[in-house]
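Chain and residue survey
For reference, the chains in residue letters:
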Amino acid sequence: MPDAHTSDILIIGSGAAGLTAALNLADHFKVTVLAKGRLDEGSTAWAQGGIAAVLEPGDTFESHINDTMIAGAGLNDLATVEFVVENAPKAIARLTELGVPFNMEGNAPHLTREGGHSHRRIVHVDDATGHAVQVALQTAAEAHPNIRLIPDMVCVDLATSKHEERYSGAGHVWGVYAVNRATGRVELFTARATILATGGAGRTYLFSTAPRGATGDGIAMAWRAGARVSNMEMMQFHPTCLYNLDVKNFLITEAVRGEGGHLLLPDSGYRFMPDFDPRAELAPRDIVARAIDHEIKRLGLDYVHLDISHRGADFINEHFPNIKEKLLGLGIDMTKEPIPVVPAQHYTCGGIVIDIDGRTDLPALYAAGECSESGLHGANRLASNSLLECFVFGEACARHITDHWEDLPPPPRIRPWDESRVTDSDEEVVIKQNWTEIRRFMWNYVGIVRTTKRLERAQHRIRMLTDEINDYYGHFRVTPDLIELRNLLQTAELIVRSALHRKESRGLHYTLDYPEMLPEAIDTVLVP
Ligand code: FAD
Ligand code: SIN
């Protein structure tokens with residue numbers, strides 16, 4: 001095994017959170033950023049709608065804070081919400097400096113609208129904001145002499161005090177063990193501080209808008225190392241994912257509804273959302289997704305329709321050029337006809353518990369972005385608040401590390417990865433079978449509408465699979481697929497355990513056995 005790669009700071013993840021942290025640290029420190037595939041393969045590059053910020057005359061921080069708390073059904077942490085909302089305009093200014101070509105209206109960014117927002121508040125680059133953000137951040141990181149970007153390095157587990165050559169139980173995090181895809185070997189990366197920016201866990205579900213790599217790796221690694229996780233039952237389902245038997249995870253941005261799109265029953269063309277909520281299509285996501293799910297189940301439909309053709313071809317070409325092109329390629333002309341849509345998993349609201357500085361429970365371990373639970377989203381994330389969280393907390397981690405650098409000791413000698421007792425697997429089929437099984441029962445039993453009985457069924461299956469996968473993990477050489485499967489199962493376990501723990505319906509957690517919301521909003525915090 002090669003010697004450990006050592007840098008000042010190690011960042012796991014090259015999306016909005018990881019690269020923001022890297023750019024805020026690199027003028028003073030040597031930073032290494034790892035990604036498990038290509039650098040642009042996380043959710044960031046897939047973001048469509050935009051970034052929420054108070055920029056419209058007449059809009060106020062109080063209003064953005066209030067909208068965030070309402071969407072989050074009061075489970076949000078008010079101090080965190082204030083912190084993020086008040087830092088949003090600054091984050092947009094920095095992205096503009098980095099060259100993100102936001103759509104403009106005169107001298108100010110053009111603002112679009114999304115569900116749950118009481119003002120036009122969404123800064124965007126057409127309907128492909130995430131791609132533009134990823135390009136700008138990555139270009140700046142690639143140009144910085146102090147940032148080393150390493151793709152194709154799949155982290156397995158955090159290196160902690162128990163991996164020190166002189167064992168200590170202090171729980172300090174010193175870096176990570178990662179499989180190099182090129183060699184298949186496990187390498188050790190050490191640093192004085194480690195930031196997890198590994199994104200969400202959407203692929204725990206059969207249908208998700210998230211990319212293939214959203215397998216909850218950071219959440220599972222932090223949990224195994226001893227950090228608390230919180231509110232994992234709050235899985236967000238986006239109301240409008242394209243229904244297409246070949247293309248299973250193409251999102252139709254919420255901005256389509258923000259700009260006047262209607263949800264209709266396919267046969268009658270009946271607009272059903274006003275029956276469910278006075279805000280109709282612009283109610284928060286949990287409400288719209290549940291309404292669609294209700295209509296689909298009630299009428300035995302495969303999908304409902306999203307129609308914006310009444311806004312005319314010029315408007316649609318200008319606002320949604322990428323979605324229009326993609327749909328045209330699939331034989332749907334959204335300027336003339338409705339789009340078939342279904343809800344799909346979209347965002348992981350829960351995650352690793354962090355404080356306002358991005359610190360986790362473990363010394364020298366920070367987290368930012370979708371893998372973390374900062375208190376911003378509560379029981380349901382307000383649209384376009386999540387890229388924003390990445391920028392604000394990526395910077396917060398960097399600031400805390402910089403201010404406390406002298407308190408962060410250099411890493412001691414860490415034991416190399418032990419592969420002496422494992423062999424190559426001759427049963428790869430086990431991984432594929434279990435991967436599909438987890439995603440299927442999570443979709444069927446732990447979806448938009450839950451019951452205790454279905455959650456217990458899921459829990460029973462997780463217990464059986466845990467023995468099988470642990471046994472497999474103990475005997476065979478780790479591969480990227482095995483690492484992801486193990487994390488997927490761990491994340492599923494945390495989601496189900498959290499869902500069983502919450503004896504009420506709040507935000508994204510809706511159970512027929514406890515349909516009422518309790519008077520007090522309490523986080524579900526799991527302690528390893
Ligand atoms: P990501 O961008 O997902 O990056 C994760 C990184 O971690 C990747 O580099 C990955 O390689 C790395 N990683 C993961 N596991 C490992 C491992 N084991 N080893 C090494 N590296 C690892 N939010 C908004 O605010 N506005 C929007 O308009 C919007 N639209 C969206 C549209 C879609 C289709 C989707 C899926 C999400 C959207 N979101 C939107 C949500 C938002 O894009 C994400 O929450 C955000 O980009 C997450 O950024 P991140 O930096 O936390 O993680
Ligand atoms: C969208 O464009 O609908 C996604 C916005 C978000 O997830 O915040």
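To be clear, the structure that these remarks concern was listed above.
Overview of the structure. As the structure is a computational prediction, the values presented were derived from the model and not from experiment.

Close to ligand 1 lie 37 residues; Thr44, Gly50, Asp217, Glu370 and Leu387 are nearest. Side-chain polar atom of Glu370 to an oxygen atom of ligand 1: 2.6 Å apart, as the coordinates give it. Between Leu387 and ligand 1, the recorded distance is 2.8 Å, taken from a backbone N or O atom to an oxygen atom. For ligand 1, the protein covers 97% of the area, taking 1000 Å² as the surface of the free molecule. Those elements giving two or more residues to the shell around ligand 1 turn out to be helix H1 (16–25), strand S10 (153–160), strand S18 (339–348) and helix H10 (386–403).

This part covers the sheet that holds strand S1 (residues 5–6). With respect to topology, four strands assemble into an open sheet ordered S1-S12-S11-S10, the strand pairing being mixed. Bordering the open sheet on either side are S1 and S10, each of which pairs with just one other strand. The pairing of strand S11 (residues 173–180) with strand S12 (residues 186–190) spans five bridges and is antiparallel. Counterpart to Tyr177 in the pairing with S12 is Leu188. Across the sheet, helix H13 (residues 480–501) lies against S10 and S11, angled at about 60° from S10, the strand it touches most.

What follows concerns the pattern of salt bridges. This model, assessed by the stated rule, comprises 29 salt bridges. The partner of Arg38 in a salt bridge is Glu41, with the nearest N and O atoms 3.7 Å apart. Residue Arg38 is classed as exposed on the basis of its relative accessible area, which comes to 51%. On the accessibility criterion, Glu41 (40% relative accessible area) is partly exposed. Asp152 serves as the salt-bridge partner of Arg181, at 3.8 Å between the closest nitrogen and oxygen. Highlighted residues: Arg181 in the loop between S11 and S12 and Asp152 in the loop between strand S9 (147–150) and S10, separated in sequence by 29 residues. Judged by its relative accessible area of 40%, Arg181 falls in the partly exposed class. One network of salt bridges, in which partners are shared, links Lys36, Arg212, Asp217, Asp481 and Glu484.

We now examine the site of ligand 2. Around ligand 2, the neighbouring residues are Gln48, Gly49, Glu114, His238, Leu251, Thr253, Glu254, Arg285, His346, Arg381, Ala383 and Ser384. His346 has a polar side-chain atom sitting 2.7 Å from an oxygen atom of ligand 2. For ligand 2, whose unbound accessible area comes to 260 Å², protein coverage reaches 92%. Here the shell around ligand 2 is built from residues that sort into two nonpolar, six polar and four charged.

Right, let's get into the packing of aromatic side chains. What characterises a pair of aromatic rings is the spacing of the ring centres plus the angle enclosed by the ring planes. The final tally for this structure, using the stated rule, is nine aromatic pairs. Seen in terms of ring centroids, Tyr177 and Trp417 are 5.1 Å apart; in terms of plane orientation they differ by 55°. Their pairing is tilted. Linking Tyr177 in strand S11 with Trp417 in the loop between H10 and helix H11 (429–445), this pair joins segments that are 240 residues apart in sequence. A relative accessible area of 22% places Trp417 in the partly exposed class. Between Phe207 and Trp443 the ring centres are 5.0 Å apart and the planes differ by 80°, which places this aromatic pair in the edge-to-face class. Separated by 236 residues along the polypeptide, Phe207 in the loop between strand S13 (193–196) and helix H5 (217–225) and Trp443 in helix H11 bring together distant segments of the chain. Of the aromatic side chains, those joined through ring pairs into one cluster are Tyr205, Phe207, Phe237 and Trp443. Over the face of the ring belonging to Phe250 we find Lys326, whose NZ or CZ atom lies 5.4 Å from the ring centre. One cation-aromatic arrangement involves Arg486 over Tyr473; the distance from NZ or CZ to the ring centre is 3.8 Å.

We now examine the packing of H11 against helix H12 (residues 452–475). In contact at an axis separation of 10 Å, H11 and H12 are set at 165° when each is read in the N-to-C sense. In this view, H11 runs roughly antiparallel relative to H12, as classed from their interaxial angle. For the pair H11 and H12, the sense of crossing is left-handed. For the pair H11 and H12, the contacting residues are Val430, Ile431, Asn434, Glu437, Ile438, Phe441, Asn444 and Tyr445 in the first and Arg454, Leu455, Arg457, Ala458, Arg461, Ile462, Leu465, Glu468, Ile469 and Tyr472 in the second. Taken together, the residues of the contact of H11 with H12 sort by class into eleven nonpolar, two polar and five charged.

Turning next to helix H7 (residues 285–299). At 3.6 residues per turn, the α-helix brings residues three or four places apart onto the same side. Look at H7: 21 Å from first C-alpha to last across 15 residues, which is about the 21 Å you get at 1.5 Å a residue. Looking only at H7, the buried set comprises Arg285, Asp286, Val288, Ala289, Ala291, Ile292, Asp293, Glu295 and Ile296. With its phi angle positive at about 65°, Gly300 sits one or two positions after the end of H7.

Looking now at a negative patch on the surface. On the surface, a cluster of negative charge is contributed by Glu62, Asp77, Glu82, Glu86 and Asp523. Mapped onto the fold, Asp77 is located in the loop between helix H2 (61–71) and helix H3 (78–97). You can call Asp77 partly exposed: its relative accessible area is 37%.

So, about unusual backbone geometry. In terms of backbone geometry, most residues other than glycine have negative phi values and most peptide bonds are trans. Phi at Asp126 is positive, roughly 45°, even though this residue is not glycine. For Asp126, a relative accessible area of 30% translates into the label partly exposed.

To continue, consider the environment of Phe29. Here Phe29 is to be found in the loop between H1 and strand S3 (31–34). Once the C-alpha coordinates of Phe29 and Ile9 are considered, the two residues, 20 residues apart in sequence, prove to be 7.3 Å apart. Contact partners of Phe29, with chain neighbours within four places excluded, come to Asp8, Ile9, Asn146, Thr402 and Trp405.

Thresholds, definitions, all that
Residues numbered from 1 in each chain as written. Chains lettered and ligands numbered in written order. Predicted model: local features only at pLDDT ≥ 70, side-chain atom pairs only at ≥ 80, totals over all residues. Heavy atoms only, no water. Near = heavy atom within 4 Å. Polar contact = N/O pair within 3.5 Å; in protein donor to acceptor, adjacent residues only side chain to side chain. Areas by Shrake-Rupley, 256 points an atom, 1.4 Å probe, with all protein chains shown as cover. Helix = DSSP H or I, 4+ residues; strand = E, 2+ residues; numbered from the N terminus. Pairing = 2+ DSSP bridges. Contact = heavy atoms within 4.5 Å. Axes fitted to C-alpha atoms, helices over the stretch in contact; angles between N-to-C directions. Salt bridge = Lys/Arg side-chain N within 4 Å of Asp/Glu carboxyl O. Buried < 20%, exposed > 50% of the residue type's maximum accessible area, 1.4 Å probe, protein only. Nonpolar A, V, L, I, M, F, W, Y, C, P; charged D, E, K, R; others polar. Phe/Tyr/Trp six-rings, centres within 6.5 Å; stacked < 30°, edge-to-face > 60°. Lys NZ or Arg CZ within 6 Å of the ring centre and 35° of its normal. Parallel < 35°, antiparallel > 145°, perpendicular 65-115°, else oblique. Left-handed = near helix turned anticlockwise from the far one by under 90°. Expected span 1.5 Å × (residues − 1). Patch = residues over 30% accessible without salt bridge, like charges linked within 9 Å, V, L, I, M, F, W, Y side chains within 5 Å. Lys, Arg positive; Asp, Glu negative; His and termini not counted. Charge placed at Lys NZ, Arg CZ, Asp CG, Glu CD.

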